[in-house]
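A structural walkthrough
If you want the building blocks of each chain, they are given just below.
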Amino acid sequence: RQLAHIHASGTPVRLRNYHLRFKHRGGFATIAPHHQEDDRSTLRNTPSLEGVLYAISPDDLKTLKKYETGYSTILIPTSELVHLADDDEGDATNSQDYVVTFASKWDVTLKYDVPPRRAYLNKILNGAEHFQLSHEYQNWLKSITTLRDDEPAPAAYSESPSATLAKAVVALALVMPMYITLVQ
């Protein structure tokens, strides 16, 4: 993604009060605060989110934003980070700084988690192994049920607010000509 120069400089971290969800339209990943767990989730016992922290320039962030369509940036206080190398559950830092991450925009967020496609989850697993995220986190990722890559996606993979709105607009467009005809 034109950002190969930052790939080697990442630091494995845990975000204490967030977890990984597969609630982005199409079965893609997003993050959510722990309190947003729901009873119908296909994900159980979700651990705190682990990932890789990069120091990037504002230009690199602009480039990333171009590729991450359907996601918006959110700020998370650095006090939420735990550096995995330290294996310390205390504050990663006492500063008032923030890190930027991506989360699904409301209009492409699914109502419930859906199983990701196998190839997509494998990319996440490869990154987790490469950056030596915790064994517990890697094992949890391996336990996630997936959809075969050649399997048709069920309707739940596209049931987002934007899809519902599009259906309403189409229904309104079909009704409006009849209404106009009746009024004339």
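What this report covers is the structure whose coordinates are included nearby.

Right, let's get into the packing of aromatic side chains. For any two aromatic rings, the description comes down to two numbers: the centre-to-centre distance and the angle of the planes. On inspection of all chains with the given rule, the structure shows four aromatic pairs. Judged by centre distance (5.7 Å) and plane angle (40°), the ring pair of Tyr-137 and Trp-140 falls under tilted. With Tyr-137 and Trp-140 both in helix α3 (residues 135-142), this residue pair falls three residues apart, about one helical turn. For the pair shown, Tyr-137 and Trp-140 are each scored as buried. Joined through ring pairs, the aromatic side chains of Phe-22, Phe-28 and Tyr-120 make up one cluster.

Per the stated rule, a full pass over the model turns up four salt bridges. A salt bridge links Arg-14 to Glu-50; the nearest nitrogen and oxygen atoms lie 3.4 Å apart. Here the residue Arg-14 occupies a position in strand β1 (residues 11-15), and Glu-50 occupies one in strand β4 (residues 49-53), the gap between them amounting to 36 residues. Judged by relative accessible area, Arg-14 falls into the buried class, the value being 12%. By relative accessible area, Glu-50 is classed as buried at 7%. Residue Asp-113 is joined to Arg-21 by a salt bridge in which the shortest nitrogen-to-oxygen separation is 2.4 Å. Taken together, the residues span a long stretch of sequence, with Asp-113 in the loop between β7 (98-104) and α2 (118-130) and Arg-21 in strand β2 (residues 18-24) at a distance of 92 residues. As far as burial versus exposure is concerned, Asp-113 and Arg-21 are alike and both buried. Bridged by salt links that share partners, the residues Arg-148, Asp-150 and Glu-151 form one connected network.

Relative to the helices and strands, Tyr-157 resides in the loop between α3 and α4 (161-183). Sequence separation between Tyr-157 and Arg-25 is 132 residues; the distance between their C-alpha atoms is 5.7 Å. Among the polar contacts listed, one links the side chain of Tyr-157 to the backbone oxygen of Pro-115, at a separation of 2.3 Å.

Moving on, we get to α2. The end-to-end C-alpha separation of α2 is 18 Å, in line with the 18 Å expected for 13 residues at 1.5 Å each. Looking only at α2, the buried set comprises Leu-121, Leu-125 and Ala-128. Axial view of α2: buried residues confined to an arc of 55°, hence all on one face. Across α2 from its buried face, at more than 90 degrees, point the exposed residues Lys-123 and His-130.

Moving on, we come to the sheet that holds strand β6 (residues 81-83). Adjacent strands of a sheet form backbone hydrogen bonds with each other and so pair up, either parallel or antiparallel. Pairing in this open sheet of three strands is antiparallel, and the strands run β4-β1-β6 from one edge to the other. Single-partner strands in this sheet number two, and they are β4 and β6. Taken over all neighbouring pairs, the strand axes of this sheet differ in orientation by 40° on average, direction set aside. Inspection of the sheet shows β1 paired to β4 by five bridges, in the antiparallel sense. Note on β4: the bridge partner recorded for Arg-14 is Glu-50.

About the thresholds
Residues numbered from 1 in each chain as written. Predicted model: local features only at pLDDT ≥ 70, side-chain atom pairs only at ≥ 80, totals over all residues. Heavy atoms only, no water. Phe/Tyr/Trp six-rings, centres within 6.5 Å; stacked < 30°, edge-to-face > 60°. Helix = DSSP H or I, 4+ residues; strand = E, 2+ residues; numbered from the N terminus. Buried < 20%, exposed > 50% of the residue type's maximum accessible area, 1.4 Å probe, protein only. Salt bridge = Lys/Arg side-chain N within 4 Å of Asp/Glu carboxyl O. Polar contact = N/O pair within 3.5 Å; in protein donor to acceptor, adjacent residues only side chain to side chain. Expected span 1.5 Å × (residues − 1). Arc of directions from axis to C-beta. Pairing = 2+ DSSP bridges. Axes fitted to C-alpha atoms, helices over the stretch in contact; angles between N-to-C directions.

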